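An overview of the molecular structure
Okay, here's what each chain looks like letter by letter:
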Amino acid sequence: MLNPMVSECHNSRDISDKSLSLLVGGIAHDLNNILTMITGTLSMNLLDLDQPSDLKNDLENALFAANKASTLTNQLLQFSKGGDPIKKNASIEDIVLDSTNFILSGSRIKVIYSIPQKISEISCDPNQISQVVQNIVLNARQAITESGIIKVSIRELNNFKPHNAKSNITRWIKLTFKDNGPGIPESILNDIFTPYFTTKADGNGLGLATAYEIIQKHDGYIYIDSQEGMGAEFSIYLPI
């Protein structure tokens, strides 16, 4: 026999969770709209400033801060949706290009793209995969200097199986993000996808943890390869 008090408690908690998700989602959505206006205005003003100046530097810093705030609101939106991807066929090339350029707007970091002319579409949640790319590129931007380089590549792999993969899928899209930053000490490599783990004074430790969770929910895999002084390389595999 069911305990009516337990059942009532569960129902109340479900309603409370849904209300919280709606509240968080609504606030995050409104914040994103405001931040889009801010980043757009800052970017337009930066286009009018050709020569280096204190004003241009201030605008670039403001744009970087607004982009970081936008990443955080995307994490709130992820929470409000319960984390489950809403999949549709999408161009991974468009997602990678748009997300990378968005995070690096206003910086002097050089991006080197390696993308074949034709890449198969994948079934994914474009917003979530965009968040993954943004989190990884933002992590690289924070690690390297303004004169740094990020190499981004997309590959289509057939008759392939990622390392330690349990899936029988043999067709994959591989995304690679490699920077020339200081690298990650071997002692903490196993912790970087752990929620709330961070080595940054102003970090929240959610960016890479969120990326890991999203890739898992897309039946994909994400790996990190890094050595101190040799930069860091993130590899992501998404099924076709």
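Residues numbered from 1 in each chain as written. Predicted model: local features only at pLDDT ≥ 70, side-chain atom pairs only at ≥ 80, totals over all residues. Heavy atoms only, no water.

As annotated in an unreviewed UniProt entry, the chain carries the name Adaptive-response sensory-kinase SasA and comes from Candidatus Lokiarchaeum ossiferum.

Moving on, we get to the environment of A69. The topology assignment puts A69 in helix α2 (residues 54–80). Given a relative accessible area of 27%, A69 falls into the partly exposed group. Counting along the chain gives 38 residues from A69 to L31, while the straight-line C-alpha distance between them is 8.9 Å. (Helix = DSSP H or I, 4+ residues; strand = E, 2+ residues; numbered from the N terminus. Buried < 20%, exposed > 50% of the residue type's maximum accessible area, 1.4 Å probe, protein only.)

The five strands lie next to each other as β2-β4-β5-β7-β6, forming an open sheet whose pairing is mixed. Each end of this open sheet is capped by a strand with a single partner; those strands are β2 (110–114) and β6 (221–226). Strand-to-strand twist of the sheet, defined as the mean angle between neighbouring strand axes without regard to direction, takes the value 15°. Pairing between strand β5 (residues 172–179) and strand β7 (residues 232–239): seven bridges, direction antiparallel. Following the sheet pairing, W172 is matched in β7 by P239. Contacting β2, β4 (149–157), β5 and β7, helix α3 (residues 92–104) crosses the sheet at an angle of about 170° to β4. Helix α5 (residues 207–217) contacts β6 and β7 of the sheet and is inclined by roughly 25° relative to β7. (Pairing = 2+ DSSP bridges. Axes fitted to C-alpha atoms, helices over the stretch in contact; angles between N-to-C directions. Contact = heavy atoms within 4.5 Å.)

In a regular helix each residue adds 1.5 Å, so 18 residues correspond to 26 Å; helix α4 (residues 126–143) covers 26 Å between its end C-alpha atoms and thus fits that length. For α4, the tally of buried residues reaches 14 of 18 residues, placing the bulk of the element in the interior. Where α4 begins, the capping side chain belongs to D125, and its oxygen is found 3.1 Å from the backbone nitrogen of N127. (Expected span 1.5 Å × (residues − 1). Polar contact = N/O pair within 3.5 Å; in protein donor to acceptor, adjacent residues only side chain to side chain.)

Here the focus is α5. All of the buried residues in α5 are G207, L208, A209, T210, A211, I214 and I215. Among the residues trailing α5, D219 stands out with phi positive, at a value near 60°.

Moving on: the nonpolar core. Counting 39 residues, the largest nonpolar core has I92, L175, F177 and I236 as its most contacted members. Where this core is concerned, the elements lending two or more residues are α3, β3 (122–124), α4, β4, β5, α5, β6 and β7. What I92 contacts, discounting residues up to four positions off in sequence, is I119, I122, I129, I154, I173, L175 and L238. (Core = buried A, V, L, I, M, F, W, Y, C linked by side-chain atoms within 4.5 Å.)

On to a nonpolar patch on the surface, then. Together, I27, L31, I34 and I38 line one region of the surface with nonpolar side chains, adding up to about 330 Å² of accessible area. For L31, the position within the fold is in helix α1 (residues 4–47). Overall, L31 belongs to the partly exposed group, its relative accessible area being 37%. (Patch = residues over 30% accessible without salt bridge, like charges linked within 9 Å, V, L, I, M, F, W, Y side chains within 5 Å. Areas by Shrake-Rupley, 256 points an atom, 1.4 Å probe, with all protein chains shown as cover. Salt bridge = Lys/Arg side-chain N within 4 Å of Asp/Glu carboxyl O.)

To continue, consider the pattern of salt bridges. In the structure shown here, the tally under the stated rule is four salt bridges. Of the charged contacts, one joins E233 and K178 as a salt bridge, the two residues approaching to 3.9 Å between their closest N and O atoms. Linking E233 in strand β7 with K178 in strand β5, this pair joins segments that are 55 residues apart in sequence. Residue class for K178 comes out partly exposed when judged on its relative accessible area of 33%. The residue E213 makes a salt bridge to K217 at a minimum N-O spacing of 3.3 Å. Taken together, the residues span about one helical turn, with E213 and K217 both in helix α5 at a distance of four residues. Accessibility expressed as a relative area gives 36% for E213, which makes it partly exposed.

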